[in-house]
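Here is what each chain is made of, one letter per residue.
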Amino acid sequence: MNIHEYQAKQLLARYGVAVPLEIPVQSLAEARAAAEKIIAAGSASIVVKAQIHAGGRGKGVFKSGFQGGVKVASSVEEAVSFAEKMLGQILVTRQTGPEGRQVQRLLISEGAKIKKEFYLAVLLDRALSRPLIMASTEGGMDIEDVAARTPEKIFKEWIDPAVGLMPFQARKMAAALGLKGDLFNAAVKLITGVFNTWWECEASLVELNPLAVIESPAGAARRPPPGAPAETLMALDAKISLDDNALYRHPDIQEMRDLNEEAPLEIEASKFNLNYIKLDGTIACLVNGAGLAMATMDIIQHYGGQPANFLDVGGGASREQVTAAFKIILSDPNVKGILVNIFGGIMDCNVIATGIVAAVKETHLNLPLVVRLEGNNVAAGKQTLAESGVSIITADSMADAARKVVAAVGK
């Protein structure tokens, strides 16, 4: 599950990570009140940031023609003007696709004079089954570009999950970023807080980009006492992705889910515990198991087709789930054919076959349907399909099924 930037910063702040003074808003009246509060706190500028579940907001373009989903205003009136141009509008970024996302929330934040930007993230290294902290002195850039052009500027530290982040490891990462004195100490505290956020919230990713050294303070009203550091370290932007499987242990985080940011068909699929992701092709896939689903999409493309979705019904799908899966598939107007590819291990092929027949009859399916069954109770499953009286093209292998569905759709 993804959450908004402002929600990510709320979680980070719980674990001692320094974040700017900022206020999420959903209306122009709220935007004005928030901007006035930011100015009253002493900030010389106000940052207006569109809140959508996609990166590249600053370089994004609204379909109205307005440029940029992150703007810096020098007055309350200018901030409200920016808010008016963003709220309710469709923002297109490199991650949204051409359809874009409607901006329904903004984050009104204090401005900051940035002295240096860094990148910091915690994620799971699946190859080693260990948490990994990644940091770079090249903040504000896509980490993929940094890895390709200057890989030596990416620093990595693997954490033993049995003991957690050790103080020397946080110090090691702070030193790698070239920080010294008070900033070094602030970095150690912040890195520890970021790791604790990842661990305690059971996240799959916590990313700060940029993590920045800023001139402290943002305004006179917040000026530190004499002798305090002239610079401070702060998370200016944050992204957190949560592990869906652990959300039942975090009801407070689960409440952060924004259904407006999710595809309607994916929301419907989640109600039936189906793993569904809509794609741009014309051949729908219904498969049990994520690995087999990926292989099915690959072989469809190998034979010249384009998959319309990723749909994993899991290892023990019921007849009701199969029927729901068909309904979700058929809700996509781009679908011209369906490939069902089932390998019955835990799953009973006859249960799937019964569900397929019921779904075809209930939905009055008139699209080409290719079914490949193999494994547990496959003979009974094939007999159910043969005696169903519905139009089903059977296949004996993945390759056979892919060829047949591509040919059927191409007719």
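Above: the structure in question.
Residues numbered from 1 in each chain as written. Predicted model: local features only at pLDDT ≥ 70, side-chain atom pairs only at ≥ 80, totals over all residues. Heavy atoms only, no water.

Asker: Could you give me a rundown of the overall build of the protein, with the residues and numbers involved?
Answerer: Within the protein, the regular secondary structure consists of 13 helices and 19 strands. Along the first, second and third principal axes, the C-alpha atoms of the protein reach 85 × 50 × 40 Å. A burial count over the protein gives 49% of its 411 residues as buried. As presented, the protein carries roughly 19,000 Å² of accessible surface, and 52% of it is formed by carbon and sulfur atoms. A distance of 3 Å separates the average location of the 41 positive side-chain charges in the protein from that of its 45 negative side-chain charges. (Helix = DSSP H or I, 4+ residues; strand = E, 2+ residues; numbered from the N terminus. Buried < 20%, exposed > 50% of the residue type's maximum accessible area, 1.4 Å probe, protein only. Areas by Shrake-Rupley, 256 points an atom, 1.4 Å probe, with all protein chains shown as cover. Lys, Arg positive; Asp, Glu negative; His and termini not counted. Charge placed at Lys NZ, Arg CZ, Asp CG, Glu CD.)

Asker: Explain the pattern of salt bridges residue by residue, including any values.
Answerer: For the structure shown, the criterion picks out 16 salt bridges. E5 is the salt-bridge partner of K49, the closest N and O atoms lying 2.7 Å from each other. In this pair, K49 is assigned in strand 2 (residues 46–50) and E5 in helix 1 (residues 5–14), connecting sequence segments 44 residues apart. Of the two residues examined, K49 and E5, each falls in the buried class. The salt bridge partner of E5 is R57, with a shortest N-O separation of 3.0 Å. Residue E5 is located in helix 1, and its partner R57 is located in the loop between strand 2 and strand 3 (61–62); the two are separated by 52 residues in the primary sequence. (Salt bridge = Lys/Arg side-chain N within 4 Å of Asp/Glu carboxyl O.)

Asker: Describe the sheet that holds strand 3, naming the residues involved and giving the relevant values.
Answerer: Sheet strands pair by backbone hydrogen bonding; their relative direction is either parallel or antiparallel. The antiparallel open sheet is built from 3 strands, whose spatial order is 3-5-6. Since the sheet does not close on itself, it has two edges, and those belong to strand 3 and strand 6 (101–102), each with one partner. Pairing analysis gives 2 bridges linking strand 3 to strand 5 (residues 90–92), with the strands arranged antiparallel. Residue F62 lies in a different strand from strand 5, and its bridge partner there is L91. (Pairing = 2+ DSSP bridges.)

Asker: Give me the lowdown on the packing of aromatic side chains, citing residues and values where you can.
Answerer: For the coordinates displayed, the defined rule picks out 5 aromatic pairs. Arranged with centres 6.2 Å apart and planes meeting at 20°, the rings of F195 and W199 form a pair that is stacked. Placement of both F195 and W199 in helix 6 (residues 181–200) is noted, with a separation of 4 residues, approximately one turn of the helix. A residue is classified by how much of its surface remains accessible, and F195, at 2% relative accessible area, is buried. W199 sits in the partly exposed class, given a relative accessible area of 39%. (Phe/Tyr/Trp six-rings, centres within 6.5 Å; stacked < 30°, edge-to-face > 60°.)

Asker: Which residues make up the packing of helix 11 (residues 349–363) against helix 12 (residues 378–386), and what are the values?
Answerer: At their nearest, the axes of helix 11 and helix 12 sit 7 Å apart, and the two run at 15° to each other. By the angle between their directions, the pair helix 11 and helix 12 is classed as roughly parallel. The handedness of the crossing between helix 11 and helix 12 comes out as right-handed. Between helix 11, through C349, N350, A353, T354, I356 and V357, and helix 12, the contact on the second element is made entirely by V378, A380, G381, T384 and L385. Here the contact of helix 11 with helix 12 is composed, by residue class, of 7 nonpolar, 4 polar and no charged. (Axes fitted to C-alpha atoms, helices over the stretch in contact; angles between N-to-C directions. Parallel < 35°, antiparallel > 145°, perpendicular 65-115°, else oblique. Left-handed = near helix turned anticlockwise from the far one by under 90°. Contact = heavy atoms within 4.5 Å. Nonpolar A, V, L, I, M, F, W, Y, C, P; charged D, E, K, R; others polar.)

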